[in-house]
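Notes for the structure review
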Amino acid sequence: MFDWLVVGAGFAGATLAERLARVRGERVLVIDRRPHVGGNAYDCRDAAGILIHRYGPHIFHTNSRAVFDYLSEFTRWRRYEHRVLANVDGKLLPIPINLDTVNQLYGLRLTSDCLKQWFASRAEPVENIRTSEDVVISQVGRDLYEKFFRGYTRKQWGLDPSQLDRSVTARVPVRLDRDDRYFTDQFQFMPRDGYTRLFERMLSHPGITVKLSTDFRSARNKAEFRRLIWTGPVDEFFQYRYGKLPYRSLRFKHKTLNQVRLQPVAVVNYPGDTPYTRVTEYKHLTGQVHPQTSITYEYPSAEGDPYYPIPRSENQALYKKYEALADGTADTWFVGRLATYRYYNMDQVVGQALATFRRIEETTPRWVGMQRLATASQELPGRHP
Ligand code: FAD
Ligand code: UDP
């Protein structure tokens, strides 16, 4: 009998499993239907021996010291600041849009002071900024919007930016200076030995048992557990009672090239009419030295594994119905990007998992203690599936 069944060995599941086993001394079974730990952050060596991310580029960045300190218990870090170029009008230009982007695209020599005016003269006033289109055109105007955002977003989401919540394109800022970093967070690193190694360390506690290639459907009847952490899609847990929640998927094409380098930065975005959105070259992220180089093309797709919740109001309304079911499900906690239908980065998922753990600590007696008490009174409370 396990005290907990944790479904999903990604950041949400691994964080909770680690805390429950290490802090509370409880016995935890972690299952994942994939044949590996790490969820979407999983990395591995390909046939050429190059460390790649099977599910697309994962760059760790956070402003949370608590999250950084927590993960630092399981990895050492490699300093890395992410830079991205966009392939626009045959040029490779910095994205987020900054002073150099505008000067190089239009052949100008603006200064930061002039750029503010320049944007203001092109921006379209939007009274109520609601959509992903509003966000961009109200800052930089229609031409830059069309060149950098419209095509990319239509490909990535299968929707026009005007149909998506503003939070989506608001992830990418606009800058007046020459800062060409993708993120400005205080902590920006890559795990020195890779993400999978980090997960292996998180899960290597004697109180944790990991079973891979195991789906909840098959495990729920066999495994005995008292409480449940669910990090899969929330609609799946409730057997799609209110219909399917839309998630966006991706197809990854991994390739190894017989050359040392392909592109000047780790990620090049393609907002134009290629079927893929971006190309990632991993050696920039990992610092690996190798005579060949491995890259990944991302092709967005409606079918396939769920990777992105799709932020728009009707989806949020449907999620709220599932959330109400989740709130009413005893002895079960829903955590992570798929289970809480939030477009969260890794650090936000770890933060959410640590907060969930604190709530568990406040509200849920440790099983070890309860068991002793209950055994004494011959009454075993809790879940017996
Ligand atoms: P997941 O990693 O999805 O883990 C959930 C696990 O549950 C999966 O392994 C799944 O197999 C398992 N599961 C689901 N249902 C079942 C079931 N029924 N039975 C058994 N197992 C089940 N974040 C960043 O911070 N920086 C980045 O650069 C970044 N880049 C990204 C790029 C891409 C292409 C994608 C898709 C995401 C990116 N993210 C990035 C987000 C990051 O992947 C997530 O925030 C994080 O991995 C979510 O962790 P999770 O545990 O919630 O979910
Ligand atoms: N985006 C865009 N062009 C770009 C980069 C981003 O249109 O060159 C939009 C697109 O809608 C994307 C969103 O901004 O989905 C968020 O970008 P981010 O790089 O954060 O996406 P993620 O890494 O989560 O896929």
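Residues numbered from 1 in each chain as written. Chains lettered and ligands numbered in written order. Predicted model: local features only at pLDDT ≥ 70, side-chain atom pairs only at ≥ 80, totals over all residues. Heavy atoms only, no water.

1. A look at the overall build of the protein
For the protein, the helix and strand inventory stands at 13 helices and 17 strands. A compact globule built from 385 residues would reach a C-alpha radius of gyration of about 21 Å, and the protein, at 23 Å, matches this within 12%. Once the C-alpha set of the protein is aligned to its principal axes, its extents read approximately 80 × 50 × 35 Å. In the protein, buried positions account for 55% of the 385 residues. Put simply, of all contacts in the protein between residues at least 6 apart along the chain, 71% involve residues at least 24 apart. Accessible surface computed for the protein: about 17,800 Å², of which carbon and sulfur atoms make up 48%. (Helix = DSSP H or I, 4+ residues; strand = E, 2+ residues; numbered from the N terminus. Rg over C-alpha atoms; globule rule 2.2 N^0.38 Å. Buried < 20%, exposed > 50% of the residue type's maximum accessible area, 1.4 Å probe, protein only. Contact = heavy atoms within 4.5 Å. Areas by Shrake-Rupley, 256 points an atom, 1.4 Å probe, with all protein chains shown as cover.)

2. So, the confidence of the model for the protein
Averaged over every residue, the pLDDT of the protein is 95; the share at 70 or more is 95%. A low-confidence stretch, residues 372-385 stays under pLDDT 50, and its non-local contacts, those more than four residues away or across chains, total 17 contacts. (pLDDT = per-residue confidence, 0-100.)

3. Brief notes about the pairing of strand 8 (residues 91-95)
Bridge count between strand 7 (residues 84-88) and strand 8: 5 bridges; the pairing is antiparallel. Among the inter-strand pairings, Ala86 is bridged to a residue of strand 8, identified as Leu93. Counting the residues between successive antiparallel strands, the hairpin from strand 7 to strand 8 contains 2 residues, one of them, Asp89, with a positive phi of roughly 50°. (Pairing = 2+ DSSP bridges.)

4. Section: the environment of Ser72
Assignment of secondary structure puts Ser72 in helix 2 (residues 65-72). Taking relative accessible area as the criterion, Ser72 reaches 28% and is therefore assigned partly exposed. Separated by 119 residues in the primary sequence, Ser72 and Pro191 place their C-alpha atoms 8.9 Å from one another. Reaching out from Ser72, the side chain makes a polar contact with the side chain of Trp77 at a distance of 2.9 Å. (Polar contact = N/O pair within 3.5 Å; in protein donor to acceptor, adjacent residues only side chain to side chain.)

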